[in-house]
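Spelled out from the first residue to the last, the chains are:
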Amino acid sequence: MSAFHKSFMQSKLPPLMEGSSGTLPPTGTSRIGRRQQKYDYAPVHWDKYFRGRNVVTVGGNKFCTYSNGDSGPLLVLLHGGGFSALTWALFSVDIVEAVECQVLAIDLRGHGDTETTADNDLTIETLSKDVADVINTIYPSDSPPIILVGHSMGGAVAVHVADLSHTLDIIGLVVIDVVEGTAMDALSSMQSFLRNRPKSFSSIEEAISWSVRNHQVRNIESAKVSVPGQIKNAATGVNLSAAGEVKSSRIIESSGSEKSKEDEVDFKAPEPAAIGPYTWRIDLCATEKYWSGWFQGLSKSFLKCPEQKLLILANVDRLDRDLTVGQMQGKFGMHVLPRCGHAVHEDDPDKVAGVIANFLVRNKFAEPTSKFIKLLPGC
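Along every chain, residues carry numbers that run from 1 in the direction the sequence is written. In keeping with the predicted nature of the model, local features appear solely for residues at pLDDT of at least 70, side-chain atom pairs appear and are counted solely at 80 or more, and the whole-chain, interface and lining totals rest on all residues. Excluding hydrogens and water, the side-chain values take into account all heavy atoms of the structure.

In the nomenclature of an unreviewed UniProt entry, the chain corresponds to Protein phosphatase methylesterase 1 from the organism Bemisia tabaci. Turning to the chain, the UniProt annotation filed under Catalytic activity (unreviewed entry) states: "[phosphatase 2A protein]-C-terminal L-leucine methyl ester + H2O = [phosphatase 2A protein]-C-terminal L-leucine + methanol + H(+)". Database annotation for the chain, UniProt heading Function (unreviewed entry): "Demethylates proteins that have been reversibly carboxymethylated." UniProt positions are given in the numbering used here, feature names are shortened, and annotations may be inferred rather than shown by experiment.

Here it is, written out as structure tokens:
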């Protein structure tokens, strides 16, 4: 079993996250004397963390995006396979508090609330083109400087966009917990891991509870907002990322026009026929043919990107030979957060935001705010 997979599957308890509802017990309850304390796994609406939710139309495709921040460089956040843009919810709050920046989190093709004419086309070329199209549609001219931030599969997409795009003003690249060598090694055992996941859940709370108890996400607060973006109602096919009252949103069209859309439907309790079961938004087992294309050649592509680069890992063992040599030559910055699982930015969003904020300030990409904390080397 690879180091990547061992870390992904290990069963140690999650760290306590400041501001979260606490760590997860081994069951869903804990015995305190003769009383039993229950843990709250109720889903949380996205608008607690993001300022806006926009639908960007490109041709016949509708990409769901979430935004935060008012000024400064644009951090384009790309989630991993099976996740959604809501994986960045807590991080987006922390980063805009630390530095003057804007955030754009995108539901990639086949994920979250994005709807395309070919949801099953998940080649690295298609995913990368989608990202460039979304950015160019939102900013048809004079876009702010862009820092691409990608986790796992999204990290591979970020590298591919930076490597091939000549139309975007990309100044920085941040990759979170994906390295070609360890990712390729883990692919052989990934089908077994995916087949052992539950195929469905009786409730949204059960899905959130499973995710935290099995350490897919070790931060309960983050799981409560991000997991609903990963599942859908089995009967209706409706994605569940907008739990709670439906809010107003913008529709941005590829023609460059923009219009407001006021959704006047308030949240109501689902009809009995629409209550569970819930299934995964995307069948990751069916995407196996794309896996090697996501990660093959990733290290060399990352190293040759001219932008300032940062690699954030949950375990230093993830480094392959190319990256080890590149890191020794000072070709990129690196930070390891060993108390986190694979979803580093969800498990400890404050620390990840602090590392990236320091990267932005150090390279003079963004101005610090009064809440910025300078990290000492090695911290």
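Having seen the model, we can carry on.
Student: In this structure, what is going on with the overall build of the chain? I would like to understand it.
Tutor: Comment: elements are numbered from the N terminus, with helices defined as DSSP H or I runs of at least four residues and strands as E runs of at least two. The helix and strand inventory of the chain stands at 12 helices and 15 strands. Expressed as a percentage of its 379 residues, the buried residues of the chain come to 55%. A contact between two residues is defined here by any heavy atoms of the two lying within 4.5 Å. Within the chain, contacts between residues separated by at least 24 positions form 72% of all contacts whose residues are at least 6 apart in sequence. Approximately 16,900 Å² of the chain is accessible, and the part contributed by carbon and sulfur atoms is 50%. Exposed residues in this analysis have more than 50% of their type's maximum accessible area, buried residues have under 20%, and partly exposed residues fall in between, with area computed by a 1.4 Å probe over protein chains only. Methods summary: accessible areas were calculated by the Shrake-Rupley approach with a probe of 1.4 Å, and residue burial reflects only the protein chains presented.

Student: Sorry, what's going on with the packing of aromatic side chains here?
Tutor: Centres within 6.5 Å are what make two rings of Phe, Tyr or Trp a pair, Trp counting through its six-membered ring; a difference in plane orientation under 30 degrees is then read as stacked, over 60 as edge-to-face, and the rest as tilted. Within the structure shown, the criterion is met by 9 aromatic pairs. A centroid spacing of 5.8 Å and a plane angle of 70° characterise the contact between tryptophan 210 and tryptophan 280, whose relative ring orientation is edge-to-face. In this pair, tryptophan 210 is assigned in helix H6 (residues 204-213) and tryptophan 280 in strand E13 (residues 278-280), connecting sequence segments 70 residues apart. Between phenylalanine 302 and phenylalanine 332, the ring centres sit 5.3 Å apart and the planes meet at 65°, which makes this aromatic pair edge-to-face. Within this pair, whereas phenylalanine 302 is found in helix H9 (residues 298-304), its partner phenylalanine 332 is found in the loop between helix H10 (321-328) and strand E15 (333-336), the two being separated by 30 residues in sequence. Both residues of the pair, phenylalanine 302 and phenylalanine 332, belong to the buried class. Site record: aromatic cluster; members linked through ring pairs are Trp46, Phe50 and Tyr66. Across the ring face of tryptophan 280, the terminal group of arginine 197 is positioned such that the distance to the ring centre comes to 3.9 Å. Two limits define a charge over a ring: the Lys NZ or Arg CZ must be within 6 Å of the ring centre, and within 35 degrees of the ring normal.

Student: What is the right way to read the UniProt feature "active site" (unreviewed entry) in the chain from this model?
Tutor: Annotation from UniProt places "active site" (unreviewed entry) at Ser152, Asp177 and His342. With the annotated positions falling across 191 residues, the maximum pairwise C-alpha distance of 8.3 Å places them together in a single cluster. Ignoring sequence-local partners within four residues, the contact set of serine 152 consists of Gly80, Ile176, Asp177, Val178, Phe295 and His342. Tracing the backbone shows aspartate 177 in the loop between strand E8 (170-176) and helix H5 (180-195). Overall, the relative accessible area of 0% leaves aspartate 177 in the buried class.

Student: Honestly, unusual backbone geometry in this entry has me stumped. Any pointers?
Tutor: Despite not being glycine, histidine 215 shows a phi value in the positive range, around 65°. Within the fold, histidine 215 resides in the loop between H6 and helix H7 (220-226). A residue is classified by how much of its surface remains accessible, and histidine 215, at 10% relative accessible area, is buried. Residue lysine 364 is not a glycine yet carries a positive backbone phi of 60°. Residue placement: lysine 364 occurs in the segment after helix H12 (349-362). Judged by relative accessible area, which is 76%, lysine 364 ranks as exposed.

Student: Explain the packing of helix H2 (residues 89-98) against H12 to me, please; I cannot follow it from the model alone.
Tutor: Between two packed helices, what matters for the description is the angle formed by their axes and the separation of those axes. A fitted line through C-alpha atoms represents every axis, and for helices the fit uses only the stretch in contact; the resulting angles, taken between N-to-C directions, go from 0 to 180 degrees. In the contact formed by H2 and H12, the axes pass within 8 Å of each other and the chain directions differ by 40°. In terms of their interaxial angle, H2 and H12 are classed as oblique. H2 and H12 meet at a crossing whose hand is right-handed. Residues Leu90, Phe91, Asp94, Ile95 and Ala98 of H2 lie in contact with H12, whose contacting residues are Pro349, Asp350, Val352, Ala353, Ile356 and Ala357. Under the convention adopted here, Pro, Cys and the residues Ala, Val, Leu, Ile, Met, Phe, Trp and Tyr are nonpolar, Asp, Glu, Lys and Arg are charged, and Gly plus all remaining residues are polar. Partitioning the contact of H2 with H12 into residue classes produces 9 nonpolar, no polar and 2 charged. Angle categories are assigned with fixed cut-offs, so that under 35 degrees is roughly parallel, over 145 is roughly antiparallel, 65 to 115 is roughly perpendicular, and the rest are oblique. The crossing is said to be left-handed when, going from far helix to near helix, the turn is anticlockwise and less than a right angle, and right-handed when the turn is clockwise.

Student: Looking at this model, I keep getting lost on helix H4 (residues 153-164). Mind explaining?
Tutor: Given 3.6 residues to a turn, an α-helix orients residues that are three or four positions apart in the same direction. With 12 residues, H4 should cover 16 Å at 1.5 Å per step; its first-to-last C-alpha distance of 17 Å lies within 8% of that length. Where burial is concerned, most of H4 is hidden: 9 out of the 12 residues are buried. Inspection of H4 places Met153, Gly154, Gly155, Ala156, Val157, Ala158, Val159, Val161 and Ala162 among the buried residues, and these make up the whole buried set. Elements that come into contact with the buried residues of H4 comprise strand E5 (74-78), helix H3 (124-138), strand E7 (146-151), E8, helix H8 (288-295) and H9. For a helix, the expected span equals 1.5 Å multiplied by the number of residues minus one.

Student: Is there a simple way to think about the side chain of threonine 116 in this case?
Tutor: With respect to the element layout, threonine 116 can be found in the loop between strand E6 (102-106) and H3. Threonine 116 sits in the buried class, given a relative accessible area of 15%. Looking at threonine 116, its side chain comes within polar contact range of the side chain of aspartate 119, at 2.4 Å. Other than its neighbours up to four places away in sequence, threonine 116 contacts Asn61, Phe63 and Arg109. Pairs of N or O atoms within 3.5 Å make up the polar contacts considered here, provided that, within protein, one atom can donate a hydrogen while the other can accept it, and that residues adjacent in sequence are counted only when both atoms are side-chain atoms.

Student: For this particular structure, what's the right way to read the confidence of the model for the chain?
Tutor: Should pLDDT be low for a region, the predicted coordinates there are not to be read in detail. Across the chain, pLDDT averages 84, with 80% of residues at or above 70. The pLDDT value expresses, per residue, how confident the predictor is, ranging between 0 and 100. Across residues 1-36, where pLDDT falls below 50, the model places 74 contacts with residues more than four positions away in sequence or in other chains. Counting interchain partners and residues more than four positions distant, the pLDDT-below-50 stretch residues 242-248 has 19 contacts.

Student: Any chance you could explain the sheet that holds strand E10 (residues 231-233) here in plain terms?
Tutor: Adjacent strands of a sheet form backbone hydrogen bonds with each other and so pair up, either parallel or antiparallel. In this description, strands pair whenever DSSP reports at least two bridges between them. Ordered by their spatial adjacency, 3 strands build an open sheet running E9-E13-E10, and the pairing between neighbours is antiparallel. Each edge of the open sheet carries a strand with a single partner, namely strand E9 (200-201) and E10. Bridge count between E9 and E13: 2 bridges; the pairing is antiparallel. Along E13, the bridge assignment pairs phenylalanine 201 with tyrosine 278.

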